[in-house]
Amino acid sequence: MITVFDYGAGNLHSLVKVLTGTGRRVALETDLRRAVHTELLVLPGVGAFAPAAARMAAGRATARDALRDGLPCLGICLGQQLLFDGSDEGPGEGLGLLSGRVTRLQATRVPHIGWNSLDDATDSRFGPAALHTAYYANSFVCRPADPSVVVAWSTHESDRFAAAVRTARTLGVQFHPEKSSAPGVQFIRQFLDDVLPR
Amino acid sequence: MLTRRLIACLDVRAGRVVKGVQFVGLRDVGDPVELAMRYEAEGADEIVYLDISASAEERATLLDLARRTAEHLFIPLTIGGGIRTVDDVAAALRAGADKVGLNSAAVRRPEVLNEGADRFGAQCIVASIDAKWDDGRFRVYTHGGQTPTELEAVAWAAECAQRGAGEILLTSIDRDGARDGYDLALTRAVADAVPVPVIASGGAGSAAHVCAALTTGKADAALVAGILHDNVMTVAALKQAMRAAGLAVREAA
């Protein structure tokens, strides 16, 4: 079973459609403490940091421990940012699974909206033969304290930032794979196949 | 590197794609979901639905359409037309839109831009601005280009961005449907004045026009409608021309 943590903002339809399209059961859960009782947790990616962190607060420690213990997790956009300690976008604590902060893009045009390339990948899910250009819609990006968790990079103007991070069995992506057309859909399916027993 | 976007716009009314000139002689040209999926397959970077429904009954179908579309379309969908309040924004996003365009409602009550951005993030709030050259300046019009306002387009765009709009969808009323090119002076003036992406709209008649909007006009994205629906150009041909002009373009699968 896959559980999508639903913190009340934005469009989950496309994401849920991709997840159910793999023949697996998908549940939406608004309580993070209950959401971790699953085979794969998805932290979706629309909304602002502070309200999402507030919705997460009660289940924060439970979820962090579950991910540390190896619960597979896919964090998308804001969902990736929530893996870190905190954000300059607003108050509240992230999961703290990864150390580092979320800060505003250093660029003349923000938000960063559109399709950007995924560079210098150290994970075979990204690169010329896999997902190489993805759709972004973000003003803030993750700045990991330990750059070795970054498995792909993107650059907006001159600001190079973490396109994807990996730790334990958690993968966080700053872009929206569910909005990155067929290669993005394929990326999600591949991740599910990699982390979930069939 | 961030690529330049080509965005396909569909006018919808009562859940169907319609086509007409200046809202006159509208005729049904198909199912929005089918057309949107076709444009995605051809390499369109985003889809915009502009709802031109004339009544609440017709507009009621929009959220259902967003829902159906989101289940089949895997590129971003923006919905504009008839969105009035932050609750309308919430409903559209919840139904399946990734971004929402605000036009007349933002002119009437600019705070709706702040409210939308605070609640959902700037990246999903699009300020849709219709402008027309009038008495030596670009004047903002509302209600489908019918109602003049006292706002000047460049200053209004800057205010929209300052209030939290994450993109400006800028339509030239003078050029809309004329197919003689985007209003490059308008586009460039707005692109120079705002720190958010600008989508050029109105006037596309050829691939050269699209390229000019993205180079001379300094737009981040170009919106096309009629030339696609009338099969004057295809998405693939437009993107090939963008590539040939030296612009960074996404390679579709």
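Residues numbered from 1 in each chain as written. Chains lettered and ligands numbered in written order. Predicted model: local features only at pLDDT ≥ 70, side-chain atom pairs only at ≥ 80, totals over all residues. Heavy atoms only, no water.

(A) Fine view of the overall build of chain B. When you go through chain B residue by residue, the secondary structure sums to 11 helices and 12 strands. Rg of the C-alpha trace for chain B: 17 Å, near the compact-globule value of 18 Å for 253 residues, within the 12% margin. Counting over 253 residues, chain B shows a buried share of 57%. A sequence separation of at least 24 residues applies to 64% of the contacts in chain B between residues at least 6 apart. Of the roughly 9600 Å² of accessible surface on chain B, a fraction of 52% belongs to carbon and sulfur atoms. (Helix = DSSP H or I, 4+ residues; strand = E, 2+ residues; numbered from the N terminus. Rg over C-alpha atoms; globule rule 2.2 N^0.38 Å. Buried < 20%, exposed > 50% of the residue type's maximum accessible area, 1.4 Å probe, protein only. Contact = heavy atoms within 4.5 Å. Areas by Shrake-Rupley, 256 points an atom, 1.4 Å probe, with all protein chains shown as cover.)

(B) View of the nonpolar core. If you look at the biggest cluster of nonpolar residues, it comprises 79 residues, and the most contacted ones within it are B:Tyr49 and B:Ile168. A:Ala134, A:Val141, A:Phe187 and A:Ile188 belong to the second-largest nonpolar core, a separate cluster that totals 35 residues. (Core = buried A, V, L, I, M, F, W, Y, C linked by side-chain atoms within 4.5 Å.)

(C) Quick peek at the sheet that holds strand S3 (residues 40–43) of chain A. Residues and elements named next belong to chain A. Taken in spatial order, the seven strands of this open sheet run S2-S1-S3-S4-S12-S11-S10, and their pairing is mixed. The open sheet has two edge strands with one neighbour each: strand S2 (26–29) and strand S10 (150–156). Within this sheet the neighbouring strands show an average axis-to-axis angle of 20°, counted without direction. In this structure, S3 lies alongside strand S4 (residues 73–76), joined through three bridges in parallel fashion. In the sheet register, Leu 43 faces S4, and the bridge partner there is Gly 75. The strands touched by helix H1 (residues 13–20) within the sheet are strand S1 (2–5), S2, S3 and S4, with S2 carrying the most contacts at an inclination of about 145°. (Pairing = 2+ DSSP bridges. Axes fitted to C-alpha atoms, helices over the stretch in contact; angles between N-to-C directions.)

(D) Representation of the pattern of salt bridges within the structure. Residues and elements named next belong to chain B. Under the counting rule described, the total for this entry stands at 33 salt bridges over all chains. In this structure, Asp 87 and Arg 119 form a salt bridge, with 3.6 Å as the shortest nitrogen-oxygen distance. Here Arg 119 lies in helix H6 (residues 111–120) and Asp 87 lies in helix H4 (residues 86–95), a separation of 32 residues in the sequence. We note a salt bridge from Arg 179 to Asp 230, for which the minimum N-O separation is 2.6 Å. (Salt bridge = Lys/Arg side-chain N within 4 Å of Asp/Glu carboxyl O.)

(E) Molecular detail of the packing of aromatic side chains. All names here are of chain A. What the rule picks out here adds up to eight aromatic pairs over all chains. Pairing Phe 5 with Tyr 7 gives two aromatic rings, centres 5.5 Å apart and planes at 65°, and the pair type is edge-to-face. Given a relative accessible area of 0%, Phe 5 falls into the buried group. The exposure class assigned to Tyr 7 is buried, which follows from its relative accessible area of 6%. A centroid spacing of 5.9 Å and a plane angle of 80° characterise the contact between Tyr 136 and Phe 175, whose relative ring orientation is edge-to-face. On the criterion of sequence distance, the pair formed by Tyr 136 in strand S8 (residues 133–138) and Phe 175 in the loop between strand S12 (170–173) and helix H6 (181–195) is long-range, its members being 39 residues apart. (Phe/Tyr/Trp six-rings, centres within 6.5 Å; stacked < 30°, edge-to-face > 60°.)

(F) Structural context of helix H9 (residues 207–214) of chain B. All names here are of chain B. Most of H9 sits inside the fold, with six of its eight residues counted as buried. For H9, the full list of buried residues reads Ala 207, Val 210, Cys 211, Ala 212, Ala 213 and Leu 214. Its side-chain oxygen placed 3.3 Å from the backbone nitrogen of Ala 208, Ser 206 serves as the N-cap of H9. (Polar contact = N/O pair within 3.5 Å; in protein donor to acceptor, adjacent residues only side chain to side chain.)

(G) Structural detail: the pairing of strand S1 (residues 5–13) of chain B. Residues and elements named next belong to chain B. Most of S1 is tucked away: seven of the nine residues are buried. Both S1 and strand S12 (residues 221–224) contribute to a ladder of four bridges, which runs parallel. Pairing of Leu 6 across the sheet is with Ala 222, part of S12. In this sheet, strand S4 (residues 46–51) lies alongside S1 in parallel orientation, the contact comprising six bridges.

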